Amino acid sequence: MAVLNEYISFIIERSDQLLTLTGEHIYLTLIAVVIAIAIGVPLGILITRVKKLSGFVIGLANALQAMPSLAMLGFMIPILGIGSRPSIVMIFLYSLLPIIKNTYIGLSNVDESMLEAGKGMGMTGGQLMRMVQLPLALPVIMGGIRISAVTAVGLTTLAALIGAGGLGQLIYRGISMVNNKMIIAGAIPAMILALLVDFVLSLMEKAVTPKGLRK
Amino acid sequence: MRFLRNLSITIIIAMLFTSLTGCSGLNTKAESDSNSDKQLIIGGTTYTEQFIVSELLATLVEEKMPDVKVVRKQGLNGTMVVHSAMTNGDIDAAVEYIGSGLMQILHKDLIRDPDEAYKVVKDNYHDKWHIKWLKPLGFNNTYAMVVKKDYAKAHGLKNSSDLSKVASDITLGCSMEFSERPDGYPGWKKAYGIDLKDIVPMDSGIMYSSIKNGEVNAISAFATDGRIPEFDLQVLEDDKEFFPPYYAVPMIKEEKLKEIPGLEELINKLGDKINDKEMMKLNAKVDIDGMEPHEVAKEFLKENNLI
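Note that the structure is predicted; figures quoted are calculated from it, not measured.

A word on the packing of helix α2 (residues 15-49) of chain A against helix α5 (residues 84-108) of chain A. Residues and elements named next belong to chain A. Put simply, α2 and α5 touch, their axes get as near as 6 Å, and they point 35 degrees apart. Of the two possible hands of crossing, α2 and α5 adopt the one that is right-handed. Looking at the contact of α2 with α5, its residues break down into 19 nonpolar, 9 polar and no charged.

This brings us to the confidence of the model for chain A. Caution applies to low-pLDDT regions: their predicted coordinates should not be interpreted in detail. For chain A, per-residue confidence averages 91 on the pLDDT scale, and residues scoring 70 or more make up 99% of the total. At the low end of the mean pLDDT range in chain A sits helix α1 (residues 2-13) of chain A, at 84; at the high end sits α2(A), at 95.

We now examine the interface of chain B and chain A. Listed by partner, the interface residues are 29 residues for chain B and 25 residues for chain A. Of all the secondary structure elements, the ones that give two or more residues to the side of chain B that touches chain A are α1 (2-24), α3 (79-88) and β7 (198-202) of chain B. With 11 residues, the single largest contributor to the side of chain B that touches chain A is α1(B). Considered class by class, the residues forming the side of chain B that touches chain A number 12 nonpolar, 13 polar and 4 charged.

All names here are of chain B. With 93% of its residues at a pLDDT of 70 or more, chain B has an overall mean of 90. With pLDDT under 50 throughout, residues 22-35 is counted as low confidence; its partners more than four residues away or in other chains account for 14 contacts. For this predicted complex, the interface score ipTM comes out at 0.71, alongside a pTM of 0.78.

The rules we used
Residues numbered from 1 in each chain as written. Chains lettered and ligands numbered in written order. Predicted model: local features only at pLDDT ≥ 70, side-chain atom pairs only at ≥ 80, totals over all residues. Axes fitted to C-alpha atoms, helices over the stretch in contact; angles between N-to-C directions. Helix = DSSP H or I, 4+ residues; strand = E, 2+ residues; numbered from the N terminus. Left-handed = near helix turned anticlockwise from the far one by under 90°. Nonpolar A, V, L, I, M, F, W, Y, C, P; charged D, E, K, R; others polar. pLDDT = per-residue confidence, 0-100. Contact = placed C-beta atoms within 7 Å.

Shown next as structure tokens:
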């Protein structure tokens, strides 16, 4: 229990710093994921409608995902400098793939008979997308967003290396000082944040599931 | 609830980590003992100078003692990590700075006199960990508060104390380590009584380009870094004499010195061979000219007829 007490007093001692860093962490993650949603979902819709593009777009997103995140961060420095901007771009690029892919899969897998029914009612292509395909695909899309967001929380710890702050800063400071209290003080809030994000998004995933599809 | 369950699992895992890691430290034992050949593991931290000086040691031993197998463990994340690795037996030798040993490892008070500081560090390392500090290499890689030359001119900055005039304007870029060390920002702030607007800890290698690009307007540079003249940066004198002397000194585990006869004499040949200017030049060859640290080290050793 001594360890726990020490840890708690460390947290209290550093609470201001911890709060600032947590705030920065949430800020970086949130902006990046929101941009990823704003770009990823429309891209996913686009490649469902223009199938020719799908191979290229998904391939590109795949390649981005495959690049080591640290290297990506390094590439950003000459272009965007240091601080939050390059970090957000890096997290954004990593968050794209699950969102694009899930949007594409969700939309493509909508039951053919549903589409036929829509067409039979005289829906236009846009209406069909808005009123049939998207609502039915929404749970799958939300699943993609959930994966992206949880990964992004972890990824944001890297941002500290280029001066963007966030909880990674405590982790790296802790590593360079061989101070486990400090590492843990950065790691635990990041873990809690990831779990919290996962939990909130899982609720939203349930909420957006159309009544007919709920179990 | 699932969330609460996950949360409690997380906390249990984290607590396990704390209690486990508390006693173990680094666990990257080298694959030694497999052959009976003598082996010397040389460590170093993440920045250019450390790569060069560890290469100096490594290349010198490789060239002069072909029967000793040299293993390099460079890129360790800071003085504390090197120290844990030394005391755990993960590395046998490294180049450490007097001030780092004195204040960060031994937690002693500041000693300005380099010879006295050296003696204190040397004696304590011998008594506590059976690590021998050899002859200093010659240069003093102290921390230096640095701003751009034109910024210094515009605001009339000469000494570190002058930073008080512009404290509310200064965003200081520094290494992760500097933001925590007693001989880093926390101590500096107290000694000078200056509270800078903001500090931005980052990887130490990118501090220089970040001040060059105006993302920060001051950095805690390493005095022997070749980018200080190259990027038109101005060192602000440490007028309150806060930073201890950071002469670089090779340190080796005493059992290794016994195991490999002549090793001590060999490394000591590097003693007083590199002054501040020379080290700055060597650093610039890597950071500015893009040479490899091992090439720079080899070239230096050849020029000085050491190999």
